Amino acid sequence: MNIVVIGLGQMGGNMAMTLHAAGFAVTGTDVSDAARDNLAARGLAVTHLDALPEADVYLLSLPTSAHVREVIEASPGLLQGAPKGSVVVDTSTSDPAVTRELAQKVVEADIEWLDAPVSGGPAGAASGALGMLLGGESATIEWLTPMLEAMSARYTHVGPAGSGHVVKLANNYLCAAHLLTTAEAVTLAARAGVDPTACLAGLNGGSGRSAVSEVNFPKWILSDAFDSGFTTGLMRKDLRLARDAAHHMELPLDLLEQVVARWHEDPTGLPDSADFNRITDTILALAQTDAPFSNQEETR
């Protein structure tokens with residue numbers, strides 16, 4: 001299976017190297033000379049965007065739906081340049097409405113489509129331990145199974161084209177909300193004299209647990225590491241996409257609106273470049289515990 005990876009940032013570059021290490025024939029490309037040079041130095045075949053080889057799979061890892069549209073329709077123009085029967089796999093977190101539009105054009109060009117947004121961050125991409133949400137045809141997924149298994153620890157087919165991106169936005173909305181609510185829960189307990197790690201141990205043994213309480217808090221927040229590889233700006237973008245999707249469907253989701261507003265209320269104090277777990281800082285500061293969270297012993 002020949003694979004072209006378009007977009008060699010932290011996610012795309014690590015996915016490309018994982019697939020390369022798994023024995024696939026992988027070529028990477030990016031508009032950035034530095035990104036191409038970095039991957040070439042690690043042994044990956046690279047090329048310029050306007051010189052893509054024919055491939056079985058074109059795997060996209062791009063910032064926005066606008067970039068996905070450009071790659072498909074304009075430069076390099078996969079609608080015209082990709083061989084019939086090849087597959088476009090969009091691992092970006094994209095606007096579902098745009099995804100469905102582009103997927104229809106791709107299929108009409110006799111090319112297969114799979115939206116496959118990922119979770120797990122750069123570390124998951126580098127270790128082949130991503131989670132993937134798949135939107136497309138079952139036959140396409142079956143054909144791509146060796147590639148999907150090399151990239152991910154788990155993948156879930158959630159429906160036709162666009163479904164993967166819908167569920168990814170729903171997932172990120174929940175993650176964004178859980179960061180706020182878990183921080184408030186920990187702060188409530190800390191003000192009452194409960195150690196934050198003890199509070200989390202209790203939450204994680206009960207019905208209030210989430211990936212945020214089980215993973216984000218001990219790994220990135222209580223440890224003061226804040227090096228998840230996912231930025232506040234990216235989460236804000238995904239929340240706007242979720243809100244816009246709700247508006248498009250005329251869904252009055254009041255809590256979603258409040259979560260979006262909360263994440264956007266302090267762009268100066270919490271810049272887009274900050275680790276997304278930093279959204280908890282101002283809430284946890286209200287706890288007024290005697291010792292900083294980073295010095296608390298982790299409860300296992």
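Residues numbered from 1 in each chain as written. Predicted model: local features only at pLDDT ≥ 70, side-chain atom pairs only at ≥ 80, totals over all residues. Heavy atoms only, no water.

S.K.: Let's hear about the packing of aromatic side chains: which residues, and what values?
M.R.: Considering all chains together, one arrives at 1 aromatic pair under this definition. Taken together, a centroid distance of 5.1 Å and an interplanar angle of 90° make the contact between Phe-230 and Phe-276 edge-to-face. Separated by 46 residues along the polypeptide, Phe-230 in the loop between helix H11 (211-221) and helix H12 (232-248) and Phe-276 in the loop between helix H13 (254-264) and helix H14 (281-284) bring together distant segments of the chain. Residue class for Phe-276 comes out buried when judged on its relative accessible area of 6%. Taking the ring centre of Phe-226 as reference, the NZ or CZ of Arg-278 above it sits at 3.6 Å. (Phe/Tyr/Trp six-rings, centres within 6.5 Å; stacked < 30°, edge-to-face > 60°. Helix = DSSP H or I, 4+ residues; strand = E, 2+ residues; numbered from the N terminus. Buried < 20%, exposed > 50% of the residue type's maximum accessible area, 1.4 Å probe, protein only. Lys NZ or Arg CZ within 6 Å of the ring centre and 35° of its normal.)

S.K.: Can you break down the pairing of strand S1 (residues 2-6) residue by residue, with the values?
M.R.: Within S1, 4 of the 5 residues are buried, which leaves it mostly tucked inside the rest of the structure. The sheet contact formed by S1 and strand S2 (residues 25-29) spans 5 bridges and is parallel. Each residue of the ladder has a partner; that of Val-5, found in S2, is Gly-28. Handedness of the crossover joining S1 and S2 through helix H1 (residues 10-21) is recorded here as right-handed. (Pairing = 2+ DSSP bridges. Right-handed = clockwise from strand over helix to strand, strands pointing away.)

S.K.: Go over the pattern of salt bridges, please, and point to the residues and values.
M.R.: Scanning the entire structure with this criterion turns up 13 salt bridges. As a salt-bridge pair, Arg-36 and Asp-33 come within 2.2 Å of each other at their nearest N and O atoms. Placement of both Arg-36 and Asp-33 in helix H2 (residues 33-41) is noted, with a separation of 3 residues, approximately one turn of the helix. Arg-36 sits in the buried class, given a relative accessible area of 6%. One salt bridge connects Asp-244 with Arg-243, and the closest N-O pair in it is separated by 3.4 Å. You can call Arg-243 partly exposed: its relative accessible area is 21%. Connected through salt bridges with shared partners, the residues Arg-69, Glu-73, Glu-101 and Lys-105 form a single ionic network. (Salt bridge = Lys/Arg side-chain N within 4 Å of Asp/Glu carboxyl O.)

S.K.: Now, about the nonpolar core: what can you tell me, with residues and values included?
M.R.: Core analysis: the largest hydrophobic core is formed by 32 residues, its most contacted members being Leu-179, Phe-217, Met-235, Leu-239, Val-259 and Trp-263. With 10 residues, the top contributor of residues to this core is helix H9 (residues 163-191). Contact partners of Leu-239, with chain neighbours within four places excluded, come to Asn-172, Tyr-173, Ala-176, Val-259, Val-260 and Trp-263. Core analysis: the next-biggest nonpolar cluster, separate from the first, contains 28 residues, Phe-24, Val-26, Leu-44 and Ile-141 among them. (Core = buried A, V, L, I, M, F, W, Y, C linked by side-chain atoms within 4.5 Å. Contact = heavy atoms within 4.5 Å.)

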